[in-house]
Protein chains: 2
Amino acid sequence: MIRISILYPNVSGGRFDFDYYLSKHMPRSIELLGSHPGFRGVTVEQGIGGTEPGSLPKYVAACFYTFDVLESFLSAFMPHAAELQGDMPRYTDIQPEIQFNEILISRPA
Amino acid sequence: MIRISILYPNVSGGRFDFDYYLSKHMPRSIELLGSHPGFRGVTVEQGIGGTEPGSLPKYVAACFYTFDVLESFLSAFMPHAAELQGDMPRYTDIQPEIQFNEILISRPA
């Protein structure tokens, strides 16, 4: 399985509207991508801190989409890329760091 | 729920021994932390690329531990911190970026 990570760096003065992101952007994103048969899950996180007491997290927010194979993600995402990317300025001015990952170990409790 | 992300930057000349990491380090880490009642899961990933064709991933490897609350992770990890951190030079010379995250959305397929 593969995972796409979308990490929003905690840049000084950066804007990130969690209300819009959680109530509008991500539900629409999940509606569009989650119906693909290769979809395996999605997680959205908010950074709460680093390991030093009181330190800021390196990333203020992160989204992880899991799909069976990379081609599934691309075929799910590309038809909606313009809409989803066009919606980004409504919740952030931060440029996300996006990469593709292969899942090597996945263990539930 | 909270998630601890341990990201290994893809630094030039950095060493990362996936064989040791997957066959020794992570199984031992999961043995030690996975028995805690607050443990909710763990995922290990290998970065395979960025969004530009042929580009390198920003992170060569990543580990994500999910726990019910941060205190559970700390009480699971701290007694074994010396052993697990002491094992790191056996698989990498890369300094990981570690942060704590709150899970806001988690949706399976």
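Bear in mind the structure is a predicted one, so any value in this text is a computation, not a measurement.

So, the relation of the copies chain B and chain A
In step 1: Superposition record for chain B on chain A: RMSD 0.0 Å, screw rotation 180°, translation along axis 0.0 Å. Such values leave the two copies arranged in the relation of a two-fold axis.
In step 2: The residues that chain B uses at the interface reappear at the interface of chain A in 100% of cases, marking a shared surface.

A closer look at the interface of chain B and chain A
In step 1: Across the boundary between the two partners, chain B contributes 36 residues, which contact 36 residues of chain A.
In step 2: Together chain B and chain A conceal approximately 3300 Å² of surface at their shared face, both sides included; 59% is due to carbon and sulfur atoms.
In step 3: Here chain B and chain A share 4 salt bridges between them.
In step 4: We note a salt bridge from Glu45(A) to Arg3(B), for which the minimum N-O separation is 2.9 Å.
In step 5: Every element with two or more residues in the side of chain B that touches chain A is listed here: strand S1 (2–9), helix H1 (18–33), strand S2 (39–50), strand S3 (59–67) and strand S4 (97–108) of chain B.
In step 6: Direction of pairing for strand S4 (residues 97–108) of chain A relative to S2(B): antiparallel, over a ladder of 9 bridges.

Structural notes on the sheet that holds S3(B)
In step 1: Within the closed barrel, the 8 strands sit side by side as S1(A)-S3(A)-S2(A)-S4(B)-S1(B)-S3(B)-S2(B)-S4(A). Their pairing is antiparallel. Strand-to-strand twist across the sheet, computed as the mean angle between neighbouring axes with direction ignored, equals 30°.
In step 2: Both strand S1 (residues 2–9) of chain A and S4(A) contribute to a ladder of 6 bridges, which runs antiparallel. Bridging from a neighbouring strand, Arg3(A) pairs with Asn101(A) of S4(A).
In step 3: Its contacts with the sheet put H1(B) on S4 of chain A together with S1, S2 and S3 of chain B, and the angle it makes with S3(B) is roughly 15°.

Overview of the confidence of the model for chain A
In step 1: In this model, chain A carries a mean pLDDT of 97, and residues with pLDDT of at least 70 account for 100%.
In step 2: Confidence estimates for the predicted assembly give a pTM of 0.96 and an ipTM of 0.95.

Points about the environment of Ser12(A)
In step 1: Note on placement: Ser12(A) falls in the loop between S1 and helix H1 (18–33).
In step 2: Spatially, the C-alpha atom of Ser12(A) lies 39 Å from that of Pro37(A), the residues being 25 residues apart in sequence.

As for the pairing of strand S2 (residues 39–50) of chain A
Residues and elements named next belong to chain A.
In step 1: With respect to burial, S2 is a largely interior element, 9 of its 12 residues being buried.
In step 2: Across 7 bridges, the pairing between S2 and strand S3 (residues 59–67) is antiparallel. Bridging across to S3, Glu45 finds its partner in Ala62.

Scoring rules and cut-offs
- Residues numbered from 1 in each chain as written.
- Chains lettered and ligands numbered in written order.
- Predicted model: local features only at pLDDT ≥ 70, side-chain atom pairs only at ≥ 80, totals over all residues.
- Heavy atoms only, no water.
- Least-squares fit on C-alpha atoms with pLDDT ≥ 70 in both.
- Contact = heavy atoms within 4.5 Å.
- Buried area = accessible area lost by both parts, 1.4 Å probe.
- Salt bridge = Lys/Arg side-chain N within 4 Å of Asp/Glu carboxyl O.
- Helix = DSSP H or I, 4+ residues; strand = E, 2+ residues; numbered from the N terminus.
- Pairing = 2+ DSSP bridges.
- Axes fitted to C-alpha atoms, helices over the stretch in contact; angles between N-to-C directions.
- pLDDT = per-residue confidence, 0-100.
- Buried < 20%, exposed > 50% of the residue type's maximum accessible area, 1.4 Å probe, protein only.

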